Amino acid sequence: MTTATSLKPVRERASTRKPAQRSKHGSGRLRRTLVAWAFCSPFVLLFATFGIWPVFSSLSMSVTDITSRDVQTPFSVNFVGLENYTALFDDPTFVRAALNTLYFVAVGIPLTMVLSLAVAVALNSGIQRAKGFFRVAYFAPVVTSIVAVAVVWRYLYKPDGMINSVLSLVGISGPDWLNDPNWSMPALILMAVWRHFGIPMVIFLAGLQSIPPELHEAAVVDGASRWRAFRSVTLPLLRPTTLVVAILLSISYLQFFEEPFVMTSGGPLDSTTSISYYAYQQFGFGNYGVASAASYVLVTAIALLSLLQFRIFRARA
Amino acid sequence: MTATTTTTGPAFRDRRTSRRVPTARLVLYGALVLGLLATLAPFAWMFLGSVKPTGEIVAHPSSWLPRSPTFANFEQLLSKQNFGLYFLNSTVVAVACVLGNLLFCSMAGYAFAKIEFAGKRLLFGLVLTMLIIPGVTTFVPLFVLVSNMGLGNSYLGLILPFLVTPFGVFIMRQFIRDIPDALVEAARLDGAGESRIFLRVILPLTRPALATLAILTFLAQWNNFLWPLVIAQTEDHYTLPVALALFSTGANGTNYGLLLAGAVTVVTPIILLFLALQRHFIQGIANTGIK
């Protein structure tokens, strides 16, 4: 279900081209085009102005030395080629931000996927009672505002906060999460997983429900252990769903921004600065060219990773 | 049961298989409940904390239940901090964006789904591409543009960039495409014009998709943070998340009672909406696969 809807447009472009429709009103193609554009016009107008134009504008800004002072006097802006991009990789803060973003993605995505799949499988495997209740409750963090969440979690993460008191119950003395450069990132990852895992969970659940339970049962009857049946039957059938989840999570986790913004301001010692947060900081300093270049590094990364995932999953399928 | 160790033969097998299922189920439920506690604990702490006097929140050791519950935090928030106004601003922005998306995205979605026209492929390709462009890429030029239009620090400036979304067009197009072409063709043969078909045939049939789009747009705008933060410069245009963020980093940053009451004010309306419409929230996200 899920995959079908999400992947359709890509597939469709290659294969189905509708034969030209015959309009009863004659003049055909031109008229249809005019009508269609009329229907699209409010959308196109707003989308072009506030969606498409800024994307190109930002791309052109990324090869100039534009700063906040130049906005009123566009003629003072100079073309600098790829200078902003090379400057980025000479800036240790940006390099740190890029590594942090990779860290967040490399740890956060597998963690979110495993956890959300585990909960989806648990909810799908014969739990009838309270299934709906569990699903709603597990999904609740998704609808909350990051700012409100931050207020709460900042308190939970205090050295004498709730999380460390739970840890001390099992004899662990927890760190000063948000002020320790080694623990700040794990703290933000934990919070992000808490906030986001409801989305992949419901997508996995929808995917699991589309697999006939007989397949899994047949494998068990044939002598496979439950784990083996899950690995050899359920997982392969879940591959399209897994691809969707992986791509969605990559797109959203690579943009990692709000957590460092409201929890740590990128600190301590730049340990939680992400590429998005770096771009936002440069905007704040007025370095519009550099900010745009940083955001295009991100665009490239997202595009490449999405493409890569498509390739990998398609090759295996 | 210690008896199992001494039993042999078929009886032993029966015992084990009949016992295994409940144990497995018990472990499963146990794990799910533990996970649930971890998921809901921050909410519990937030709601319980918002009705504690500040002294009690920072007390050590802290307790979950408020000893002397009070609504003083909320009263202060409303009277001294203008949260009523921010609440109104958030509502105005979210509702305007919902209406814009419902109307404009369903119109465009109809054209994409049911009419063959020149430029369709290119336009739809742009829509799909925009789905993966991060917000941080567009907001600098967007900020310059909106400021130059004289819309900085205005409701229009808050609303216009989100009045339509590529995501909205995408899900409307997906849904309308599943409506049988025969219906549209029949209406065309009966002499109905495109606008009539859209209003009389398509819109009534797309009600579930419109509901999904309305809910997801409201959610996204209610929680939107970055754009209102850069565009709203004076208090009278703050939305709830902006007010709370500035409030929590400002001089009030240590007043935990007020902060938690603020967090409750932001979260409660959307949680109530979610509880009332949870099926649509969850189905919407599961079916579209995109937040």
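Cut-offs used in this document
- Residues numbered from 1 in each chain as written.
- Chains lettered and ligands numbered in written order.
- Predicted model: local features only at pLDDT ≥ 70, side-chain atom pairs only at ≥ 80, totals over all residues.
- Heavy atoms only, no water.
- Helix = DSSP H or I, 4+ residues; strand = E, 2+ residues; numbered from the N terminus.
- Areas by Shrake-Rupley, 256 points an atom, 1.4 Å probe, with all protein chains shown as cover.
- Rg over C-alpha atoms; globule rule 2.2 N^0.38 Å.
- Buried < 20%, exposed > 50% of the residue type's maximum accessible area, 1.4 Å probe, protein only.
- Contact = heavy atoms within 4.5 Å.
- 1 Å grid on protein atoms, 1.4 Å probe; cavity = no way out; pocket = protein on both sides within 12 Å on 5 of 7 lines; lining within 4 Å.
- Points joined across faces, edges and corners; volume = space filled by probe spheres on them.
- Nonpolar A, V, L, I, M, F, W, Y, C, P; charged D, E, K, R; others polar.
- Salt bridge = Lys/Arg side-chain N within 4 Å of Asp/Glu carboxyl O.
- Expected span 1.5 Å × (residues − 1).
- Bend = angle between axes of the 7 residues up to and from the residue.
- Phe/Tyr/Trp six-rings, centres within 6.5 Å; stacked < 30°, edge-to-face > 60°.
- pLDDT = per-residue confidence, 0-100.
- Buried area = accessible area lost by both parts, 1.4 Å probe.
- Core = buried A, V, L, I, M, F, W, Y, C linked by side-chain atoms within 4.5 Å.
- Patch = residues over 30% accessible without salt bridge, like charges linked within 9 Å, V, L, I, M, F, W, Y side chains within 5 Å.

> Before we move on, can you summarise the overall build of chain A with the specific residues and values?
When its secondary structure is counted, chain A shows 15 helices and zero strands. Element-wise, carbon and sulfur atoms account for 65% of the exposed surface of chain A, whose accessible area totals about 15,000 Å².

> How would you explain the overall build of chain B if you had to name every residue and give the values?
Looking only at helices and strands, one finds 16 helices and zero strands in chain B. Computed over the C-alpha atoms, the radius of gyration of chain B is 26 Å, more than 25% above the 19 Å expected from 2.2 N^0.38 for a compact globule of 291 residues. When the 291 residues of chain B are sorted by exposure, 52% land in the buried category. Across chain B, every contact between residues at least 6 apart in sequence was considered, and the portion connecting residues at least 24 apart equals 71%. By element, 67% of the accessible surface of chain B is carried by carbon and sulfur atoms, the whole surface being about 13,000 Å².

> Break down empty space enclosed by the protein for me, with residues and values.
A complete count under the given rule lists two cavities of 30 Å³ or more for this structure. Lining the largest cavity are Thr-144, Ala-148, Val-149, Val-152, Trp-153 and Trp-194 of chain A together with Pro-42, Phe-43, Met-46 and Val-267 of chain B. Taken together, the elements giving at least two residues each to the lining of the largest cavity come down to helix 6 (146-156) of chain A together with helix 2 (9-50) of chain B. Ranked by residues supplied to the lining of the largest cavity, first place goes to helix 6 of chain A with four residues. Taken as a whole, the second largest cavity holds about 40 Å³ of empty space. If you go around the second largest cavity, the residues you meet are Val-93, Leu-158, Gln-221, Asn-224, Pro-228 and Thr-239 of chain B. Grouping the constituent residues of the lining of the second largest cavity by class yields three nonpolar, three polar and no charged.

> How would you summarise the pattern of salt bridges if you had to cite specific residues and measurements?
In the structure shown here, the tally under the stated rule is six salt bridges over all chains. Linking Glu-259 of chain A and Arg-195 of chain A is a salt bridge whose minimum nitrogen-to-oxygen distance equals 3.5 Å. Of the two residues, Glu-259 of chain A is situated in helix 13 (residues 258-264) and Arg-195 of chain A in helix 8 (residues 184-196); the sequence distance between them amounts to 64 residues. Take Glu-259 of chain A and Arg-195 of chain A: they sit in the same class, and that class is buried. The residue Glu-116 of chain B makes a salt bridge to Lys-120 of chain B at a minimum N-O spacing of 3.2 Å.

> Explain helix 2 (residues 28-61) of chain A residue by residue, including any values.
Compared with an ideal rise of 1.5 Å per residue, which puts 34 residues at 50 Å, helix 2 of chain A spans 42 Å between its outermost C-alpha atoms and falls more than 12% short. Of all bends in helix 2 of chain A, the biggest is about 55°, found at Cys-40 of chain A, and the proline Pro-42 of chain A comes one to four residues later.

> Now, about the packing of aromatic side chains: what can you tell me, with residues and values included?
Taken as a whole, this structure holds 42 aromatic pairs over all chains when the rule is applied. Summarising the aromatic geometry, the rings of Phe-83 of chain B and Tyr-86 of chain B are spaced 5.3 Å apart at their centres and angled 70° between planes, so their arrangement reads as edge-to-face. Of this pair, Phe-83 of chain B and Tyr-86 of chain B both sit in helix 5 (residues 83-114), separated by three residues, roughly a single helical turn. Taking relative accessible area as the criterion, Tyr-86 of chain B reaches 4% and is therefore assigned buried. Judged by centre distance (5.1 Å) and plane angle (55°), the rings of Phe-112 of chain B and Phe-124 of chain B are tilted. One end of the pair, Phe-112 of chain B, is in helix 5; the other, Phe-124 of chain B, is in helix 6 (residues 120-130), with twelve residues separating them in the sequence. Residue classification places Phe-112 of chain B among the buried residues on the basis of a relative accessible area of 2%. Of the residues examined, Phe-124 of chain B reaches a relative accessible area of 9% and is grouped as buried. Grouping aromatic residues by their ring pairs yields a cluster made of Phe-257, Phe-261, Tyr-277, Tyr-280, Phe-283 and Tyr-288 of chain A together with Phe-139, Phe-143 and Phe-225 of chain B.

> Account for the side chain of Thr-234 of chain A, with residues named and values stated.
Along the chain, Thr-234 of chain A turns up in helix 11 (residues 226-237). In this structure Thr-234 of chain A touches Leu-208, Ile-211, His-216 and Ala-229 of chain A, once residues within four positions along its chain are discounted.

> Any chance you could break down the confidence of the model for chain B for me, citing the residues and the numbers?
Residues and elements named next belong to chain B. Summary statistics for chain B give a mean pLDDT of 86 and a share of 90% for residues scoring 70 or more. Counting contacts from residues 1-19, a segment whose pLDDT is below 50, to residues more than four positions away or on other chains yields six contacts. Both scores are given for the predicted complex: the pTM is 0.86, the ipTM 0.85.

> Before we move on, can you summarise the interface of chain A and chain B with the specific residues and values?
Each partner contributes to the interface: chain A provides 96 residues, whereas chain B provides 108 residues. Taking both partners together, chain A and chain B bury about 8,900 Å²; carbon and sulfur atoms supply 75% of that area. One can count zero salt bridges joining chain A with chain B. With 24 residues, the top contributor of residues to the side of chain A that touches chain B is helix 2 of chain A. Tallied by class, residues from the side of chain A that touches chain B come to 63 nonpolar, 18 polar and 15 charged.

> Please give an account of the nonpolar core that cites residues and values.
The nonpolar side chains of soluble globular proteins are, as a tendency, buried together. Phe-139 and Trp-153 of chain A are the most contacted members of the largest nonpolar core, which totals 196 residues. A per-element tally of this core places helix 5 of chain B first, with 13 residues. Discounting chain neighbours no more than four positions away, the residues touching Phe-139 of chain A are Gly-198, Ile-199, Met-201 and Val-202 of chain A together with Phe-274, Phe-281, Ile-282 and Ile-285 of chain B.

> An account of the environment of Ser-68 of chain A is needed here, citing residue identities and associated values.
Checked against the element boundaries, Ser-68 of chain A lands in the loop between helix 2 and helix 3 (83-90). Spatially, the C-alpha atom of Ser-68 of chain A lies 8.2 Å from that of Phe-283 of chain A, the residues being 215 residues apart in sequence.

> Would you mind going over helix 14 (residues 240-249) of chain B in detail, with residue names and values included?
Counting buried positions over the ten residues of helix 14 of chain B gives eight, a clear majority of the element. When we look at burial in helix 14 of chain B, the residues that qualify are Leu-240, Pro-241, Val-242, Ala-243, Leu-244, Ala-245, Phe-247 and Ser-248 of chain B. If you follow the buried residues of helix 14 of chain B, they end up packed against helix 6 of chain A together with helix 5, helix 12 (207-223), helix 13 (226-231) and helix 15 (256-276) of chain B.

> I'd love a proper account of the environment of Met-113 of chain A, names of residues and values included.
Residue and element names in this part refer to chain A. Here Met-113 is to be found in helix 4 (residues 92-124). Taking the C-alpha atoms as reference points, Met-113 and Val-193, separated by 80 residues in sequence, lie 9.3 Å from one another. When near neighbours in sequence (up to four residues on either side) are disregarded, Met-113 contacts Phe-204, Thr-242, Val-245, Ala-246 and Leu-249.

> Explain a nonpolar patch on the surface residue by residue, including any values.
On the surface, a cluster of nonpolar side chains totalling about 390 Å² of accessible area is made up of Phe-89, Val-95, Leu-99 and Leu-102 of chain A. Of note, Phe-89 of chain A is situated in helix 3.

> Outline the confidence of the model for chain A, listing residues and values.
With 90% of its residues at a pLDDT of 70 or more, chain A has an overall mean of 86. Every residue in residues 1-25 of chain A is under pLDDT 50, and counting partners more than four places away or in other chains gives 46 contacts.

> Summarise unusual backbone geometry; cite the residues concerned and give the values.
Of note, the amide linkage connecting Gly-267 of chain A to Pro-268 of chain A takes the cis form, showing an omega dihedral of -10°. If you check the backbone angles, Asp-270 of chain A has positive phi at about 60° while not being a glycine. Relative to the helices and strands, Asp-270 of chain A is located in the loop between helix 13 and helix 14 (275-285). A positive phi angle is found at Asn-153 of chain B, which is not glycine, with a value near 55°. Tracing the chain through its elements places Asn-153 of chain B in the loop between helix 7 (135-148) and helix 8 (155-159).

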